[in-house]
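As a plain string of letters, each chain reads:
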Amino acid sequence: AVHTSRHHSYRHHMRSAKSLFAFVAQWHDLEKSLLSSQQHDSPVIIDSALDPSKPTYSDQRPTLFRERHGWCPYSERVWLALESSNVPYDTIRIDNTGPGRKPPYFAGGLTPQMRWPDGENQGESMDLVQEVDARYGGNLYPHSIKNDVINKARMFQTIFPSKSRPSSRAAFLFDWSGDPLWKSEFESVLSQTDELIGTSDDGPFFCGESFTAADISWVPFLERYSAQLPCLHEGLDPRDATKYPNLNKWFEAMNNVPAYACRVRGNPSSWRKVLTMAGYGNGGVPPSVIERIDGLGIEESRPQTEEERIRDQALWDEYKSTRPYLADTPSAEAGKVILSNRDAIIKDTLKRAATLEGTGIPLDEKGLDEGMRALASILIYGAEEDGHYEEMEVTSKDARDVTGVFAIAKFLDERMCVPRDMGAMSADAIKRLSVY
């Protein structure tokens with residue numbers, strides 16, 4: 001009864017204020033709406049490039065050292081193993097970009113690495129996945145099919161191209177001259193992968209009906225391929241159900257693994273974006289890549305169908321059930337991330353003011369702050385059908401009239417790195433607002 005009364009009072013206040021103000025929600029109003037999730041401690045995440053001071057390690061939780069941008073597919077393997085096994089852990093993000101600044105306490109070498117609660121340090125991605133399973137019982141190597149899981153995880157090394165130029169951002173895509181590998185090489189990889197998945201009669205995963213470490217071994221690379229290969233060669237689509245039926249079913253099955261779908265999975269636009277960055281394994285950007293990137297984001301920006309919204313919310317509810325620090329919906333989680341990082345976002349935006357003239361983004365601090373509060377309000381409320389944060393309904397509608405709110409969404413969509421900044425579901429909520 002108290003909960004209902006609070007909602008009624010707040011909504012009455014918002015309706016009364018509507019005649020005086022176009023938009024009235026302050027940051028503390030948004031924090032109150034998210035109060036239940038903020039009463040629980042979030043996992044420790046340290047970006048060592050911004051905070052190089054030595055952390056205090058937990059003697060209860062493992063600490064994962066992973067690449068700071070979320071680009072490294074090997075780091076993603078261990079991240080997904082921890083998430084899918086519901087293991088509480090801390091994270092220290094390490095800059096792995098060549099001469100990147102690493103903290104003095106980092107043991108050196110590549111990511112991923114793990115510091116276990118007993119003080120032991122360990123590296124190598126699949127060794128870490130196996131150790132996560134051994135220590136915490138995530139059922140990633142079911143006893144009855146353990147050898148099959150290990151063998152299919154290792155098959156990745158023989159099927160993926162062996163002569164490509166190493167790159168954390170664009171792995172197994174380019175040769176040493178900087179040109180994309182031949183289309184036939186990629187088609188061979190996809191065909192062999194499809195056949196390997198098909199050797200399991202039960203499907204849809206690599207080793208049958210259940211998600212295992214074999215899927216963890218493959219998914220970071222296949223996820224990137226699904227977004228990047230269509231940019232490299234005409235008519236090359238790993239999601240083509242006609243050419244690669246088993247692989248297509250596997251992609252769909254992975255998107256129903258809560259930990260992967262809600263947090264670890266990146267989004268296609270982020271994986272395409274890295275193809276335009278210097279140093280991703282190519283000396284310059286091939287014109288054909290740029291041509292194919294243009295226009296591919298239209299489908300990703302469309303409104304969700306009701307069926308998609310219900311599916312995503314069900315996955316989110318399952319994922320959140322062991323993570324009470326999360327907001328109640330993927331969209332609200334995006335609003336929470338904006339709220340938590342508002343000062344840094346405002347600073348970053350104003351720093352780029354000269355290049356943002358004419359975009360519709362308010363370039364004074366007051367206007368930008370209001371626009372960001374408006375965007376966070378829209379995201380936290382989400383849609384009426386969500387059935388959450390009902391006290392935000394009126395202010396969310398008013399927020400849509402705030403100057404620059406959708407231009408800010410577009411800017412954040414272009415600037416975000418997914419899954420570094422948030423999971424794909426939450427990022428998609430911002431992307432859908434960026435086209436208004």
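Heads up: the structure comes first, above all this text.
Rules used throughout
Position numbers for residues start from 1 in each chain and track the written sequence from start to end. In view of the model being predicted, local features appear only for residues whose pLDDT reaches at least 70, and side-chain atom pairs are presented and counted only at 80 or more, with totals across whole chains, interfaces and linings using the full set of residues. The side-chain numbers reported here are obtained from all heavy atoms of the structure, hydrogens and water having been left aside. To qualify as a helix, a DSSP run of H or I must reach at least 4 residues; to qualify as a strand, a run of E must reach at least 2; elements of each kind are numbered from the N terminus. Here's how the labels work: a residue is buried when its accessible area is under 20% of the maximum for its type, exposed when over 50%, partly exposed in between, all with a 1.4 Å probe on protein chains only. Only heavy atoms matter for contacts: two residues are in contact if any of them lie within 4.5 Å across the pair. Note on areas: Shrake-Rupley, 1.4 Å probe, and residue coverage restricted to the protein chains presented here. Working definition of a nonpolar core: buried Ala, Val, Leu, Ile, Met, Phe, Trp, Tyr and Cys residues. They are joined through side-chain atoms within 4.5 Å. Only four residue types enter the charge count, namely Lys and Arg as positive and Asp and Glu as negative; His and the chain termini do not. Any Lys or Arg side-chain nitrogen located within 4 Å of an Asp or Glu carboxyl oxygen qualifies as a salt bridge. When DSSP finds two or more bridges between two strands, those strands count as paired. We call a crossover right-handed when, viewed with the strands running away from us, the connection from the first strand over the helix to the second turns clockwise. This arc describes the spread of directions from the helix axis toward the C-beta atoms. Each Phe, Tyr or Trp ring (for Trp, its six-membered ring) is paired with any other whose centre lies within 6.5 Å, and the angle between the two planes then decides the class: stacked below 30 degrees, edge-to-face above 60, tilted in between. Helix axes use the C-alpha atoms of the stretch in contact, all axes being lines fitted to C-alpha atoms, and the angles between their N-to-C directions lie in the range 0 to 180 degrees. By the definition adopted for this analysis, an angle is roughly parallel if under 35 degrees, roughly antiparallel if over 145, roughly perpendicular if from 65 to 115, and oblique otherwise.

Novice: Got a minute to help me understand the overall build of the protein in this structure?
Specialist: Helix and strand counts for the protein stand at 20 helices and 5 strands. With 436 residues in all, the protein has 55% of them scored as buried. The contacts of the protein with a sequence gap of at least 6 include a subset with a gap of at least 24, amounting to 71%. When the accessible surface of the protein is split by element, carbon and sulfur atoms take 50% of a total near 20100 Å².

Novice: When you look at the nonpolar core in this model, what are you seeing that I'm missing?
Specialist: Across soluble globular proteins, nonpolar side chains show a tendency to be buried alongside one another. By size, the foremost hydrophobic cluster in this structure holds 68 residues, and its most contacted members are Leu80, Phe160, Leu173, Phe206, Tyr225, Trp250 and Met254. At the level of secondary structure, the elements contributing two or more residues to this core comprise α4 (73-84), α5 (125-136), α6 (146-159), α7 (183-198), α8 (213-232), α9 (245-254), α10 (258-264) and α13 (306-320). The dominant element in this core, judged by the number of residues it contributes, is α8, at 11 residues. Those residues within four positions of Met254 in sequence are excluded, and the remaining contacts are Leu80, Phe205, Phe211, Asp215, Val219 and Tyr260.

Novice: Could you clarify how one ought to interpret the side chain of Arg265 in this entry?
Specialist: By the element assignment, Arg265 lies in the loop between α10 and α11 (268-273). For the buried Arg265, no salt bridge exists, and the shortest N-O distance to an oppositely charged side chain is 4.9 Å, to Asp428. Sequence-distant contacts of Arg265, defined by excluding residues within four places in its chain, comprise Glu223, Asn255, Tyr260, Val418, Pro419, Gly423, Ala424 and Met425.

Novice: Even after reading the chapter, I still don't get the pairing of strand β3 (residues 90-94), so can you show me in this structure?
Specialist: Here is the key point about a regular strand: its side chains alternate between the two faces of the sheet. With respect to burial, β3 is a largely interior element, 5 of its 5 residues being buried. Residues Asp90, Ile92 and Ile94 point to one face of β3 and Thr91 and Arg93 to the other, with burial holding for every one of them. Sheet topology places strand β1 (residues 45-47) next to β3; 3 bridges connect them, and they run parallel. What sits directly across from Ile45, in β3, is Thr91. Two strands pair when backbone bridges link them, and strand β2 (residues 63-67) and β3 are joined in this way by 5 bridges, in the parallel orientation. Along β3, the bridge assignment pairs Leu64 with Thr91. Tracing the backbone out of β2, into α4 and back to the parallel element β3 gives a crossover that is right-handed.

Novice: Looking at this structure, how should I read the environment of Val337?
Specialist: Relative to the helices and strands, Val337 is located in helix α14 (residues 330-340). Overall, the relative accessible area of 18% leaves Val337 in the buried class. Val337 sits 85 residues away from Met422 along the chain, and the two C-alpha atoms are 7.6 Å apart. Residues within four places of Val337 in sequence aside, it is in contact with Asp421 and Met422.

Novice: Is there a simple way to explain helix α15 (residues 342-351) in this structure?
Specialist: In an α-helix, one full turn covers 3.6 residues, which means residues spaced three or four apart are oriented alike. Arg342, Ile345, Ile346, Asp348 and Thr349 are the residues of α15 that are buried. Taken end-on, α15 shows its buried residues confined to a sector of 165°, consistent with a single buried face. Away from its buried face by more than 90 degrees, α15 exposes Asp343, Lys347 and Lys351. As for α15, its buried residues are in contact with α2 (27-33), α14, α16 (353-356), α17 (365-381) and α19 (405-415).

Novice: Please clarify how the packing of aromatic side chains should be interpreted in this entry.
Specialist: Geometrically, a pair of aromatic rings is defined through the distance of the ring centres and the angle of the planes. A complete count under the given rule lists 20 aromatic pairs for this structure. Consider the rings of Trp116 and Tyr136, whose centres lie 6.4 Å apart with planes at 35°: the pair is tilted. Within this pair, whereas Trp116 is found in the loop between β4 (113-115) and β5 (121-123), its partner Tyr136 is found in helix α5, the two being separated by 20 residues in sequence. Assessed through its relative accessible area of 0%, Trp116 is described here as buried. Taking relative accessible area as the criterion, Tyr136 reaches 31% and is therefore assigned partly exposed. Residues Phe206 and Trp218 carry aromatic rings whose centres are separated by 5.0 Å and whose planes lie at 25° to one another, so their mutual orientation is stacked.

Novice: Which parts of the structure should I look at to understand the pattern of salt bridges?
Specialist: When the charged atoms of two side chains lie near each other, side chains of opposite charge can form a pair. In the structure shown here, the tally under the stated rule is 23 salt bridges. Salt-bridge contacts for Glu131 lead to Arg135; the nearest nitrogen and oxygen are separated by 2.8 Å. Separated by 4 residues within a single helix, Glu131 and Arg135 lie in helix α5, roughly one turn from each other. Glu414 is the partner of Lys410 in a salt bridge, and the nearest nitrogen-oxygen pair spans 2.6 Å. In this pair, Lys410 and Glu414 both sit in helix α19, 4 residues apart, roughly one turn of the helix. On the basis of relative accessibility, which here comes to 43%, the residue Glu414 falls in the partly exposed class.

Novice: Is there a simple way to explain the packing of α7 against α9 in this structure?
Specialist: The relative placement of two packed helices is expressed as an angle between their axes plus a distance between the axes. At their nearest, the axes of α7 and α9 sit 7 Å apart, and the two run at 75° to each other. The pairing of α7 with α9 is recorded here as roughly perpendicular in orientation. Residues Leu190, Thr193, Asp194, Ile197 and Gly198 of α7 touch α9, and the partners they reach there are Pro245, Asn246, Leu247 and Trp250.

Fair warning: the whole summary comes from geometry, so function is off the table for now.
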